[in-house]
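# Geometric and topological summary
For reference, the chains in residue letters:
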Amino acid sequence: MSDTICAVASAPGIGGVALIRVSGSEARGIVDQIFHCRQISTLERAKDRCAYFGRIVHEGNFLDEVLVTCFYAPHSYTGEDVVEIACHGSLYIQQALLEALTDQGCRMAEPGEYTRRAYLNGKMDLSRAEAVADLIASESAAQHRMALTQMRGGYSREFAQLRERLIQLTALMELELDFSEEDVTFADRSELLSLSQELETKIQSLVESFRLGNAIKKGIPVALAGATNVGKSTLLNALLGEERAIVSDIHGTTRDTVEEVMNVDGLLFRFIDTAGLRHTADQIEALGIERSYARIDEASLILLVLDATRLLPALSSTFPEHLASTEPTRTSPLSEQPEASESTQPNDKGCHSELQQPLTPEQPKPADYLAEVQQLRQRLDPARLIVVLNKVDLLSPDELEQLLGLLPQLLELSADIPVLPLAARMGSGLPELRKALVARLALPELSPSSLVVSNARHHALLKQAAAQLALVRQGLAEGLPTDLLAPDLRLAISALGEVTGGEITSDAVLHHIFSHFCIGK
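Residues numbered from 1 in each chain as written. Predicted model: local features only at pLDDT ≥ 70, side-chain atom pairs only at ≥ 80, totals over all residues. Heavy atoms only, no water.

## A few points about the confidence of the model for the protein chain
Basically, it comes down to this: Per residue, pLDDT captures the predictor's confidence, and it can take any value from 0 to 100. Numbering of helices and strands starts at the N terminus; helices are DSSP runs of H or I of at least 4 residues and strands are runs of E of at least 2. Residue contacts follow a heavy-atom distance rule, with two residues in contact if any of their heavy atoms lie within 4.5 Å.
Residue-level pLDDT values for the protein chain average 80, and 77% of them are 70 or greater. Element-level pLDDT for the protein chain is lowest in helix α12 (residues 320–323), with a mean of 58, against a maximum mean of 97 in strand β5 (residues 61–71). The low-confidence segment residues 246–255, where pLDDT is below 50, has 32 contacts with residues more than four positions distant or belonging to other chains. Within the model, the stretch residues 324–361 combines pLDDT values under 50 with 54 contacts to residues more than four positions away or in other chains.

This is the structure we're talking about:
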């Protein structure tokens, strides 16, 4: 803490302007050695938070024209004297300026050292310091709102209140212990039990919010599930607008998961293209399918991708009375279809010729495909499900209408499960799919006061506090003496204190936390 440190505080690389931050007791004196300004003879006379134009000269060589701003302790980011130098964004100028500062006695800052000094100097607590890194790394509006709430102290106030109430509960228990032999009552057992239950419920709700917070922070996982060759990889490429996944007519092309992130309406979604789900003797493909099921189980949303051209023949044999009529009962969502190619023109039976092609050795019979789809549907959680009916550009409007009418009955889909027809290769239906993703997720509105846990360290400490409070509640219900319960309460208080840094004394813990920051912050 006694060293004066320097680093580039702006984004790495070339830009119009770069910012060099110098922090420490010798900040103004060190910069004075290389900064020449006509307005003032020395930075010791500089006004707080005023910018001065001048030149950087090192070892007699003119380097750059800069703006220098001084921040006097404790009114700075770190709580120390800080000098910020705005120079031109040339990589050479940045490096040469850092070398000039280190020649005058500066030390290069370690990752996160500025924010660590801010924490140690009492400018912010640990949870707010960690939010700085999250704010810098935010890629979506939801991530930004969540980090901003934490950085502005919403987190800290909530935890301070919880900790204070835990201390109050501990005090009542210890007073009861101190006056146990006298006829004095500070709180009866029912009051202590009620307070412990209330605090446990509150902390447990924060623990449960981690699933949402972690998903927003890392990207909401969406698994693309389905049999081979239904168009999952084509759909992923269409959503991303680039050829990210390999697309082939060969069954089993995707043998491992492929992941990419995409911002949809201010939310970061992490799409996971899984291997085609089928029975296979290929050991490598089977391993990929096993991994796919694991990722599907972990996903927040599941897109069950179906091939309309393989479902229709299966339905014609399963529900012949429904498919006999060619008169549509309602307007198809994609009734305006692109002009079909010669190979996909309807034949005299009203079906597209592509649907009548002989099955390849790998392609399952229609009835087998239908059975696979029904079996897969039963395995998937309906609360996370969106059904995507792909390749509808190869169906006539009447065929699509009939298929959409029968699909809910066929797959036992409740009314709240979206069924979206689209043609991934044509790009049609994608806007509706994006809207359905956001709507199906049903996230609560993240207002400036919303408190959502997104930090794994905080989550672990809150789980520890909740577990200790559960022991206290159980002990109170069973009538255990308060001297046996007080240690559990103190452990819960300590865990909450670690969230904001009040109970952390180990340099190793602080080093681990701040080492994940970027240099210059």
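## Overview of unusual backbone geometry
This is how the line gets drawn: Classification of residues uses two cut-offs on accessible area relative to the type maximum, computed with a 1.4 Å probe and protein chains only: under 20% is buried, over 50% is exposed, and between them is partly exposed.
In this structure, P74 follows A73 across a cis peptide bond, with omega equal to 5°. Among the structural elements, P74 can be located in the loop between β5 and β6 (82–89). A positive phi angle, close to 60°, is found at R49, a residue other than glycine. Inspection of the secondary structure puts R49 in the loop between β3 (35–36) and β4 (51–58). With relative accessibility at 52%, the residue R49 sits in the exposed group. Residue K391 is not a glycine yet carries a positive backbone phi of 65°. With respect to the helices and strands, the residue K391 is situated in the loop between β12 (385–390) and α14 (397–411).

## Points about the sheet that holds strand β13 (residues 419–421)
Test applied: The rule for pairing is simple: two strands pair if DSSP sees at least two bridges between them. Lines fitted to C-alpha atoms define the axes here, with helix axes fitted over just the stretch in contact, and angles between the N-to-C directions of these axes take values from 0 to 180 degrees.
The 6 strands are arranged β9-β10-β8-β11-β12-β13 in an open sheet whose pairing can be described as mixed. Each edge of the sheet is formed by a strand with only one pairing partner; in this case those strands are β9 (258–264) and β13. Adjacent strand axes in the sheet meet at a mean angle of 25° when their direction is disregarded. As paired strands, strand β8 (residues 220–225) and strand β10 (residues 267–273) are joined by 5 bridges and run parallel to one another. When the sheet's bridge partners are listed, I220 is paired in β10 with F269.

## Description of the packing of helix α16 (residues 456–478) against helix α17 (residues 482–500)
Test applied: Should an angle lie under 35 degrees it is considered roughly parallel, over 145 roughly antiparallel, and from 65 to 115 roughly perpendicular; all remaining angles are considered oblique. The handedness criterion is simple: a crossing whose near helix is rotated anticlockwise from the far helix by less than a right angle is left-handed, and one whose near helix is rotated clockwise is right-handed. Gly is placed with the polar residues, together with every amino acid not listed as nonpolar (Ala, Val, Leu, Ile, Met, Phe, Trp, Tyr, Cys and Pro) or charged (Asp, Glu, Lys and Arg).
Running from N to C, α16 and α17 cross one another at 160°; their axes reach a closest spacing of 8 Å. Compared by their axis directions, α16 and α17 come out roughly antiparallel. Along this stretch, α16 crosses α17, giving a crossing that reads as left-handed. For the pair α16 and α17, the contacting residues are R457, H458, L461, L462, Q464, A465, Q468, L469, L471, V472, G475 and L476 in the first and L485, D488, L489, L491, A492, A495, L496, E498 and V499 in the second. Across the contact of α16 with α17, the residue classes break down as 14 nonpolar, 4 polar and 3 charged.

## Here's the deal with the environment of E158
Assignment of secondary structure puts E158 in helix α6 (residues 154–178). Along the primary structure E158 and L451 are separated by 293 residues, whereas in three dimensions their C-alpha atoms are 8.4 Å apart. When near neighbours in sequence (up to four residues on either side) are disregarded, E158 contacts K202 and L451.

## Quick word on α14
The periodicity of an α-helix, 3.6 residues per turn, causes residues three or four positions apart to be oriented the same way. Condition: How far a helix is expected to stretch is found by multiplying one less than its residue total by 1.5 Å.
When the terminal C-alpha atoms of α14 are compared, their 21 Å separation across 15 residues agrees well with the 21 Å that a helix rising 1.5 Å per residue should span. For α14, the full list of buried residues reads E399, L400, E401, Q402, L403, L404, L406, L407, L410 and L411.

## Observations concerning the sheet that holds β5
Taking strand neighbours across the sheet as the criterion, the 7 strands line up as β3-β4-β5-β6-β2-β1-β7 in an open arrangement whose pairing is mixed. Each having just a single partner strand, β3 and β7 (107–108) make up the two edges of the open sheet. Pairing of β5 with β6, which is carried by 5 bridges, proceeds in the antiparallel orientation. Counterpart to L67 in the pairing with β6 is A86. Relative to β6, helix α2 (residues 91–103) is tilted by about 150°, and along the sheet it contacts β1 (5–8), β2 (15–23), β4, β5, β6 and β7.

## Things to note about α2
Just so we agree on the cut-off: For this analysis, a polar contact is any N or O atom pair within 3.5 Å, provided that within protein one partner can donate a hydrogen and the other can accept it, and provided that sequence-adjacent residues contribute only side-chain to side-chain pairs.
End to end, α2 covers 18 Å across 13 residues, agreeing with the expected 18 Å (1.5 Å per residue, within 8%). For α2, the complete set of buried residues consists of I93, Q94, A96, L97, L98, A100 and L101. The residue sitting at the N-terminus of α2 and contributing the capping side-chain oxygen is S90; that oxygen lies 3.1 Å from the backbone nitrogen of Y92. Positive backbone phi, approximately 120°, marks G105, located one or two places after α2.

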